[in-house]
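Close look at the chain arrangement
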Amino acid sequence: MNCEQLQETLVAYLDIKAKPSERRQVAAHLAECAACRVRAEQFRLLWGVLDELPMVPPSPAFDAAVRARVAQEPRRTSFWNWARPAPRLAFAAAALVVLSLWLSSSVPPARQQVATAQQGSEAEFRMIKDLPVLEDYDVLADFDALSDLSAPPQAGSQLEHPQM
Amino acid sequence: MARSDVQLMLDVKAGDDSSFELLLRKYRTPLVNFLYRMVRDSATAEDLAQEVFLRVYRARQDYAPSAKFTTWMFRIATNLALNSRRDGRYRQLEVSIDQPAELEDGPPAFEVPDRRPGIEHQLIARDRADRIRRAVESLPEKQRAAVLLHKYQEMDYDEIAGILQCSESALKSLLFRAYETLRVELAPLVETRRAESQPKAQSRRGEMRS
């Protein structure tokens, strides 16, 4: 490495950001070149000097000025914004859903409805099973149970037993 | 956990203006200082810094995190600074190394306080700061931008090269030329610093021997 080639690598060397191979080459050159060695040392000192430059704070009105300019910007709406419900509409829809759920919970549960339907079908089955007996007139004619029924109450004949 | 700049910008894109406020607070001082050194006028620097933030905000919908946020923001700032001077819209100052200070009235804002008492030291410190400012502001625009981003924003070479749109090797040569100019211009200050650092080093060596 010569003095001219050092120009591209000296800053990175002093920053400790040079590649290892570059670093070795710079170190070797500095060891044999007094002028570049002095320059490298003065670069280090210069960076310390540059630190003396004070920072300048923005004026107190700076933030407000930025905010005012930003506030004047039009709020661009996205193409998909039409799909987003307005807050009031979204609240109304949510309230409607909650109300519907609450109302549905107050009716009998579906399990009870199924049980009622099962009981009805069993009674119907028993009636169908007994249908031949119920339609047999011979059986019905001798059906003693019917004779035990009391006649409708009539005036003056309350002590008589009806004869079938 | 603090959100990264990219995340903050993505949140701004999603409609969160409070994230933009965080970016504003984080970068207003570095940005104003960078632009101040670039255009050499505090009012112009603030005007341009506002414009940078406005452009960042305007670009939120199209923002894609392809580069570092600071690279993108300082590229906008650099282009604005270079264009403003080329357009001649703003006051162009021909700065001489012997020109008296006119931009920084009053005591420097964030200067490290001098522990040594006395107004003499304050005057010396202020005079040194003026000379440094004029030397930096006398650099050609691209060299000045490179030094400001490297020395004061402490950015990496790839980031600075991205902002100035040049190769890393070209940037390193640019920085070398800039620091070489400053080394010559500020030779008395460098020498003072060397003289100040030597007794400390010697006393440290003396302490180690004893």
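Note that this is a predicted model, so its numbers are computed, not measured.

Procedures and definitions
- Residues numbered from 1 in each chain as written.
- Chains lettered and ligands numbered in written order.
- Predicted model: local features only at pLDDT ≥ 70, side-chain atom pairs only at ≥ 80, totals over all residues.
- Heavy atoms only, no water.
- Helix = DSSP H or I, 4+ residues; strand = E, 2+ residues; numbered from the N terminus.
- Contact = heavy atoms within 4.5 Å.
- Areas by Shrake-Rupley, 256 points an atom, 1.4 Å probe, with all protein chains shown as cover.
- 1 Å grid on protein atoms, 1.4 Å probe; cavity = no way out; pocket = protein on both sides within 12 Å on 5 of 7 lines; lining within 4 Å.
- Points joined across faces, edges and corners; volume = space filled by probe spheres on them.
- Core = buried A, V, L, I, M, F, W, Y, C linked by side-chain atoms within 4.5 Å.
- Buried < 20%, exposed > 50% of the residue type's maximum accessible area, 1.4 Å probe, protein only.
- Polar contact = N/O pair within 3.5 Å; in protein donor to acceptor, adjacent residues only side chain to side chain.
- Patch = residues over 30% accessible without salt bridge, like charges linked within 9 Å, V, L, I, M, F, W, Y side chains within 5 Å.
- Salt bridge = Lys/Arg side-chain N within 4 Å of Asp/Glu carboxyl O.
- pLDDT = per-residue confidence, 0-100.

Things to note about the overall build of chain B
When its secondary structure is counted, chain B shows nine helices and zero strands. Listing every helix and strand of chain B by position from the N terminus yields α-α-α-α-α-α-α-α-α. Taking the intrachain contacts of chain B between residues at least 6 apart in sequence as the baseline, contacts between residues at least 24 apart amount to 66%. Just so you have it, chain B exposes about 10900 Å², and 50% of that area is on carbon and sulfur atoms.

Re empty space enclosed by the protein
For the structure on display, the rule yields three cavities of 30 Å³ or more. Here the largest cavity is characterised by a volume of approximately 100 Å³. In terms of lining residues, the largest cavity is bounded by A:Leu53, A:Pro54, A:Met55, B:Asn33, B:Phe34, B:Arg37, B:Leu148, B:Tyr152 and B:Gln153. Those elements giving two or more residues to the lining of the largest cavity turn out to be helix H2 (17-39) and helix H6 (141-152) of chain B.

Things to note about the nonpolar core
Proteins that are soluble and globular tend to have nonpolar side chains buried together. B:Leu35, B:Tyr179 and B:Leu182 are the most contacted members of the largest nonpolar core, which totals 79 residues. A per-element tally of this core places H2(B) first, with eleven residues. Ignoring any residue separated from it by four or fewer positions in sequence, one finds B:Leu182 in contact with A:Leu46, A:Leu50, B:Ala135, B:Val136, B:Leu139, B:Val147 and B:Ala187.

Focus: the side chain of B:Glu159
Residue and element names in this part refer to chain B. Positionally, Glu159 belongs in helix H7 (residues 157-164). By relative accessible area, Glu159 is classed as buried at 6%. In this structure the side chain of Glu159 is engaged in a polar contact, spanning 3.4 Å, whose partner is the side chain of Lys68. Residue contacts for Glu159: discarding those within four places in its chain leaves Lys68, Thr70 and Thr71.

Structural notes on a nonpolar patch on the surface
Together, A:Leu99, A:Trp102 and A:Leu103 line one region of the surface with nonpolar side chains, adding up to about 350 Å² of accessible area. If you trace the backbone, A:Leu99 turns up in helix H5 (residues 87-106).

So, the confidence of the model for chain B
Interpreting fine coordinate detail is not advised for predicted regions of low pLDDT. Averaged over chain B, the pLDDT score is 83; the fraction of residues at 70 or greater is 80%. Ranking the elements of chain B by mean pLDDT puts helix H9 (residues 187-209) of chain B last with 74 and H6(B) first with 96.

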